[in-house]
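# Secondary and tertiary structure notes
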Amino acid sequence: MTERGVSDKLGRPLRDLRISVTDRCNFRCTYCMPKEVFGHEYQFMERAELLTFEEIERLSRIFVSHGVGKVRLTGGEPLIRRDVDRLVEMLARIPEISDLAITTNASLLASKAQRLKEAGLRRVTVSLDALDDETFSAINDVGFPVARVLEGIEEAAQVGLGPVKINCVVKRGVNEHAVLDLAHHFRGTGHIVRFIEYMDVGTSNGWRLDDVVPAREIVTKIQAEMPIEPVGKNYTGEVAERYRYADGSGEIGIIASVTQPFCQACTRARLSADGKLFTCLFASIGHDLRALLRNGTSDEEIHDEIGRIWGRRDDRYSEIRSSQTESLPRVEMSYIGG
Ligand code: SAM
Ligand code: SF4
Ligand code: SF4
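In this report, we go over the structure that sits alongside the text.

### Brief notes about the pattern of salt bridges
Considering all chains together, one arrives at 24 salt bridges under this definition. Across the pair Arg 12 and Asp 8 runs a salt bridge whose closest N-O atoms are separated by 2.6 Å. The class for Arg 12 is buried, based on a relative accessible area of 3%. Asp 8 sits in the buried class, given a relative accessible area of 6%. Here Glu 54 ties to Arg 86 by a salt bridge, and the two come within 3.4 Å at their closest N and O atoms. With Glu 54 in helix H1 (residues 53–64) and Arg 86 in helix H2 (residues 84–92), the pair connects residues that are 32 residues apart, well separated along the chain.

Spelled out as structure tokens, the structure:
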């Protein structure tokens, strides 16, 4: 278990790991967990099916031995997993993990930020799709108010988890007006809003290409009111195209997963809450690592198996997205994590 640096069939190394810690969520965002599908009858995972924190830590160490240096906890809503701060503490002790972050809807962030910071969390990304309650409630579909998300963002910044990245998924006819609202609101605060093209993840959100607001259009909209200019990438593999306001009042990002796919630079593996490894957001089959963890397989053998899985990887779904891929089976975003 010595070499760090397995590459896939397209020469892409394994660098980032997204860990889903629960498939449950207290929101029902219409594009992610629509109520009609994720209702009272929906069978979420049983507790025994979830990887324990010890299992997640063990796997993380093995992923690190393959070259992973960035780990992000997601879900479902990661902050509803009980004692998730204890997991953060365990992962923060792994020295090779230089970047440990959480993606959250921020509903519980105001009360948990301090503890997460103490546990060793570096950064948070908050999802916020509108600044007006009418639109935001229609999207989260549980009547959650914008003000409480903003409180979460402020608290995170206060305790040193900032600057906060704020992710907004833009959907045609639903929240296009939120682009300028969010840009105006966060300009000059140090926080970075990132606009994300609505993606065809899973099969329950009824995605249509017409629903996507292309990145170009988002840039043009902002440009018309607030001059922005492109900035180079922070590092290779960065998915957001960065822009800064010409007057120096901050930065925004655009994630053009649909219109300008970035598969060639995709160094990301995803682990579902029940321990399946996915090599692409659009994969239909996960590799069951939990079975290995629970049947006495050694770290070395699990390391080698992950190396074999990554070595066989040739995913580039977004680059070949077409009418043929539309009908392929895919797992849901809330299962695999964003
Ligand atoms: N519950 C947390 C949250 O909302 O931040 C973490 C999990 S959520 C699945 C992760 C990210 O995926 C969120 O920023 C969400 O907006 C994004 N997302 C979900 N469905 C999406 C879709 N169809 N297209 C683009 N982004 C999506
Ligand atoms: Fe929950 Fe996040 Fe999906 Fe919204 S996007 S339903 S907050 S998991
Ligand atoms: Fe990576 Fe798959 Fe997304 Fe391409 S489609 S960027 S390979 S996760």
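### Points about the site of ligand 1
What surrounds ligand 1 is a group of 19 residues, the closest being Tyr 31, Gly 76, Glu 77, Ser 127 and Met 199. Note that a nitrogen atom of ligand 1 is positioned 2.9 Å from one of the backbone N or O atoms of Met 199. When the free accessible area of ligand 1 is taken as 550 Å², the share hidden by the protein chains comes to 94%. Considered class by class, the residues forming the shell around ligand 1 number seven nonpolar, ten polar and two charged.

### Description of unusual backbone geometry
Here the bond from Gly 162 into Pro 163 is cis, since omega is -5°, no more than 30 degrees from zero. Within the secondary structure, Pro 163 sits in the loop between helix H5 (146–158) and strand S5 (165–170). One non-glycine residue, Ala 106, lies in positive phi territory at about 70°. Mapping Ala 106 onto the fold places it in the loop between strand S3 (99–104) and helix H3 (109–119). Given a relative accessible area of 1%, Ala 106 falls into the buried group.

### Looking at the nonpolar core
With 109 residues, the main nonpolar core has Phe 63, Phe 195 and Ile 222 as its most contacted residues. Once residues lying within four places of it in the same chain are set aside, the contact partners of Phe 195 are Cys 168, Val 170, Ala 178, Val 179, Leu 182, Ala 183, Ile 218, Ile 222, Gly 253, Ile 254 and Ile 255.

### Observations concerning the packing of helix H6 (residues 178–186) against helix H7 (residues 215–225)
Relative to each other, H6 and H7 sit at 50°, their axes nearing to 10 Å. If you check the angle between H6 and H7, you find them oblique. Crossing angle aside, the handedness with which H6 passes H7 is right-handed. For the pair formed by H6 and H7, the contact residues are Val 179, Leu 180 and His 184 on the first element and Ile 218, Lys 221, Ile 222 and Glu 225 on the second. For the contact of H6 with H7, the class distribution of residues is four nonpolar, one polar and two charged.

### Some points on H1
The terminal C-alpha atoms of H1, which comprises twelve residues, lie 16 Å apart, in line with the 16 Å expected from a rise of 1.5 Å per residue. For H1, a buried count of nine out of twelve residues is recorded, marking the element as mostly surrounded by other parts of the structure. Burial in H1 covers these residues: Phe 53, Glu 55, Ile 56, Glu 57, Leu 59, Ser 60, Ile 62, Phe 63 and Val 64.

### Examining the pairing of strand S10 (residues 268–271)
Burial of S10 is two-sided: the residues Arg 268 and Arg 270 facing one way and the residues Ala 269 and Leu 271 facing the other way are all buried. As paired elements, strand S1 (residues 16–20) and S10 share four bridges and run parallel to each other. Along S10, the bridge assignment pairs Leu 17 with Ala 269. Examined bridge by bridge, S10 and strand S11 (residues 276–278) share two bridges and lie antiparallel to one another. Bridge pairing links Arg 270 to Phe 278 in S11. Counting the residues that bridge the hairpin from S10 to S11 gives four residues, and of these Gly 275 lies at a positive phi of roughly 85°.

### Focus on the packing of aromatic side chains
Counted by the stated rule, this structure contains seven aromatic pairs. When the centroid spacing of 4.6 Å and the interplanar angle of 45° are considered together, the rings of Phe 38 and Tyr 42 count as tilted. By relative accessible area, which is 32% here, Tyr 42 ends up partly exposed. Aromatic pair Tyr 42 and Phe 44: ring centres 4.7 Å apart, planes at 65°, arrangement edge-to-face. Linked through ring pairs, Phe 27, Phe 136 and Phe 144 together constitute an aromatic cluster. Against the face of Tyr 245 rests Arg 187, its NZ or CZ located 4.7 Å from the ring centre.

### Focus on the sheet that holds S1
Overall, mixed pairing links the twelve strands, which are arranged S7-S8-S9-S6-S5-S4-S3-S2-S1-S10-S11-S12 in an open sheet. Here the strands that pair on one side only, and so sit at the sheet edges, are strand S7 (228–231) and strand S12 (287–288).

### Observations regarding the environment of Arg 268
Topologically, Arg 268 is positioned in strand S10. The sequence separation of Arg 268 and Glu 57 amounts to 211 residues, and the corresponding C-alpha distance is 18 Å.

### Thoughts on the side chain of Glu 55
Tracing the backbone through its elements, the reader meets Glu 55 in helix H1. Note on Glu 55: relative accessible area 13%, which makes it buried. Not counting chain neighbours up to four residues away, the residues in contact with Glu 55 comprise Leu 50, Leu 293 and Arg 294.

Scoring rules and cut-offs
- Residues numbered from 1 in each chain as written.
- Chains lettered and ligands numbered in written order.
- Predicted model: local features only at pLDDT ≥ 70, side-chain atom pairs only at ≥ 80, totals over all residues.
- Heavy atoms only, no water.
- Salt bridge = Lys/Arg side-chain N within 4 Å of Asp/Glu carboxyl O.
- Buried < 20%, exposed > 50% of the residue type's maximum accessible area, 1.4 Å probe, protein only.
- Helix = DSSP H or I, 4+ residues; strand = E, 2+ residues; numbered from the N terminus.
- Near = heavy atom within 4 Å.
- Polar contact = N/O pair within 3.5 Å; in protein donor to acceptor, adjacent residues only side chain to side chain.
- Areas by Shrake-Rupley, 256 points an atom, 1.4 Å probe, with all protein chains shown as cover.
- Nonpolar A, V, L, I, M, F, W, Y, C, P; charged D, E, K, R; others polar.
- Core = buried A, V, L, I, M, F, W, Y, C linked by side-chain atoms within 4.5 Å.
- Contact = heavy atoms within 4.5 Å.
- Axes fitted to C-alpha atoms, helices over the stretch in contact; angles between N-to-C directions.
- Parallel < 35°, antiparallel > 145°, perpendicular 65-115°, else oblique.
- Left-handed = near helix turned anticlockwise from the far one by under 90°.
- Expected span 1.5 Å × (residues − 1).
- Pairing = 2+ DSSP bridges.
- Phe/Tyr/Trp six-rings, centres within 6.5 Å; stacked < 30°, edge-to-face > 60°.
- Lys NZ or Arg CZ within 6 Å of the ring centre and 35° of its normal.

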